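# Commentary on secondary and tertiary structure
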Amino acid sequence: MIKFLESSVAYTYVIRHKVDIFLIMKNTFLILRILYPVWMIIGMFALMYIPSVFVVSENPLATTENIKNNELLFRVGILASIITQLLYIVIPILLYKVFKQTDATQAMLMLAFSLVAAPIALFGSIYDLQMLSTLDQPEIGMSHFNFKRYTLTVATIFWGLWLFPLGKLAIKSKYFPILIGYCLYAGGVGYLLSAAVKIVFPNYEMVFNISEILTIGEVIFILWFVIKGPKVLNETTES
């Protein structure tokens, strides 16, 4: 009788533990479905829209004049860039929280790569702030912009590397279709190829364009995550 009660208590504990894990995963996925689109929108604004508005390639004077004419928007872009990188810390931590049950090693690799990338990219915001203090010296201001571009190139390497363990986790966990995992692999290749081209062959525009197309793989993952959502398998609570 005592053994029966002990086994019943142990079984109840195991079931409750699995249910707790399931609820934590479900709540974390819900938070991620909110944070991911926010991250993507703010990131596109900071990393794509702002440079397109202000930066005139090989023309420091025109670039600084653009900043002078709309300094507030430029400052908002700096803030958006900082928020983007802060979210790039929070989101991988949340992903680690749900994927460590699937493969702790791959989840740790994913988190480590992202935590290396974030401070590198954040450092680039310092150069943006320095540009504001050198608006009367266009050549120096443009050099600050170039320094930021170099930091983002290095960060791009880790933006690519973190997608490989994430892709493996997406496939292994079975929360997503296998194709989504391979889209993450393609995105990782795209980021790495983009960084390599910028460092070794900066004038190879065609290769750079191909690498940019491959990075759409990450966008596909985000859209699937937000619209369709991860499939939390029944086995999570039954097995």
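Heads up: the structure comes first, above all this text.
In this text the structure is predicted, and so the values were computed from the model without any measurement.

## Notes on the packing of helix α5 (residues 138–161) against helix α6 (residues 163–173)
Here α5 crosses α6 at 15°, and the two axes come no closer than 5 Å. Taken together, the axis directions place α5 and α6 in an arrangement best described as roughly parallel. The segment α5 lies against α6, with W159, G160 and L161 engaging L163, F164 and P165. Across the contact of α5 with α6, the residue classes tally to 5 nonpolar, 1 polar and no charged.

## Let's talk about the nonpolar core
One finds Y36, L95, F99, W162, L166 and F221 to be the most contacted residues of the largest nonpolar core, which totals 35 residues. When contributions to this core are tallied by element, the ones reaching two or more residues are α1 (2–54), α3 (71–99), α4 (104–132), α5, α6, α7 (178–200) and α9 (216–227). With 11 residues, the next largest nonpolar core counts I50, M131, L132 and L135 among its residues.

## Observations concerning the side chain of T64
Assignment of secondary structure puts T64 in helix α2 (residues 60–69). Judged by its relative accessible area of 3%, T64 falls in the buried class. Side-chain polar atoms of T64 contact the backbone oxygen of L61, separated by 2.9 Å. Setting aside chain neighbours within four positions, we find T64 in contact with L135 and P138.

## With respect to the packing of aromatic side chains
By the definition in use, this model includes 19 aromatic pairs. Ring geometry for F29 versus F225: centroids 5.9 Å apart, planes at 65°, classification edge-to-face. Taken together, the residues span a long stretch of sequence, with F29 in helix α1 and F225 in helix α9 at a distance of 196 residues. Residue classification places F29 among the buried positions, given a relative accessible area of 4%. Taking 5.7 Å as the distance between ring centres and 70° as the angle between the ring planes, the aromatic pair formed by F221 and F225 counts as edge-to-face. Of the two residues, F221 and F225 both sit in helix α9, 4 residues apart, roughly one turn of that helix. Linked through ring pairs, F29, Y36, W39, Y88, F99, W162, Y175, F176, F221 and F225 together constitute an aromatic cluster.

Analysis parameters
Residues numbered from 1 in each chain as written. Predicted model: local features only at pLDDT ≥ 70, side-chain atom pairs only at ≥ 80, totals over all residues. Heavy atoms only, no water. Axes fitted to C-alpha atoms, helices over the stretch in contact; angles between N-to-C directions. Helix = DSSP H or I, 4+ residues; strand = E, 2+ residues; numbered from the N terminus. Parallel < 35°, antiparallel > 145°, perpendicular 65-115°, else oblique. Contact = heavy atoms within 4.5 Å. Nonpolar A, V, L, I, M, F, W, Y, C, P; charged D, E, K, R; others polar. Core = buried A, V, L, I, M, F, W, Y, C linked by side-chain atoms within 4.5 Å. Buried < 20%, exposed > 50% of the residue type's maximum accessible area, 1.4 Å probe, protein only. Polar contact = N/O pair within 3.5 Å; in protein donor to acceptor, adjacent residues only side chain to side chain. Phe/Tyr/Trp six-rings, centres within 6.5 Å; stacked < 30°, edge-to-face > 60°.

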